[in-house]
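# A closer look at the structure
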Amino acid sequence: MTVPTLAVLVGILVNNRQLDKLVSHTDKCFSGLDGRFGGIDRHFDTLIEVMNVRFAEQKALILRFERTMDARLRRLEEKL
């Protein structure tokens, strides 16, 4: 084994160690994001539930209005 080969091997080992440190550091930095995204998911689930309730209420009002208008139209048609 020659000196340049040994130098390249040492360089590879040093770079590998630095990459391992970088990976562990990024894992530490981003580990808290899972919890934060979980909170955001729960918040959006709650908002979706609220919007579904509101849409159901509005649909019920529209259907009631439609039945009222149908009844009035039927009465007008019967008079003619």
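Just so you know, the residues in each chain are numbered from 1, in the order the chain's sequence is written. The predicted nature of this model means local features are confined to residues of pLDDT at least 70 and side-chain atom pairs, given and counted, to a pLDDT of 80 or more, with totals for whole chains, interfaces and linings taken over all residues. Hydrogens are left out, water is left out, and the side-chain values use all remaining heavy atoms of the structure.

### Points about the overall build of the protein chain
- The helix and strand labels rest on DSSP assignments: H or I over at least four residues marks a helix, E over at least two residues marks a strand, and numbering proceeds from the N terminus. Tallying secondary structure elements over the protein chain gives one helix and zero strands in all.
- Over its C-alpha atoms the protein chain spans a radius of gyration of 34 Å, topping by over 25% the 12 Å that the globule rule assigns to 80 residues.
- Each residue is placed in one exposure class: buried if its accessible area under a 1.4 Å probe, protein chains only, is under 20% of its type's maximum, exposed if it is over 50%, and partly exposed if it falls in between. When each of the 80 residues of the protein chain is scored for burial, the buried share is 1%.
- Entry remark: accessible area of the protein chain is about 7700 Å², with carbon and sulfur atoms responsible for 64%.
- In summary, the charge assignment counts Lys and Arg as positive and Asp and Glu as negative, without counting His or the chain termini. The location of each charge is read from NZ of Lys, CZ of Arg, CG of Asp or CD of Glu. Across the protein chain, 13 positive and 11 negative side-chain charges occur, with their mean positions spaced 5 Å apart. A radius of gyration in this sense is built from C-alpha atoms; the matching globule rule multiplies 2.2 Å by the number of residues raised to 0.38. With residues, only the protein chains shown are counted as cover, and all accessible areas are computed by Shrake-Rupley using a 1.4 Å probe.

### Focus: the environment of R72
- Within the secondary structure layout, R72 lies in helix α1 (residues 3-79).
- Judged by its relative accessible area of 48%, R72 falls in the partly exposed class.
- When the C-alpha positions of R72 and S31 are compared, they lie 63 Å apart, and in sequence the two are 41 residues distant.

### Topic: the environment of K59
- As for its position among the elements, K59 is in helix α1.
- Separated by 42 residues in the primary sequence, K59 and R17 place their C-alpha atoms 62 Å from one another.

### Focus: a positive patch on the surface
- On the surface, R72, R74, R75 and K79 cluster together to form a positively charged patch.
- Considering the arrangement of structural elements, one finds R74 in helix α1. Patches draw on residues past 30% relative accessible area with no salt bridge. Two like charges within 9 Å are joined, as are two nonpolar side chains (Val, Leu, Ile, Met, Phe, Trp, Tyr) within 5 Å. Just to be clear on terms, a salt bridge is a Lys or Arg side-chain nitrogen sitting within 4 Å of an Asp or Glu carboxyl oxygen.

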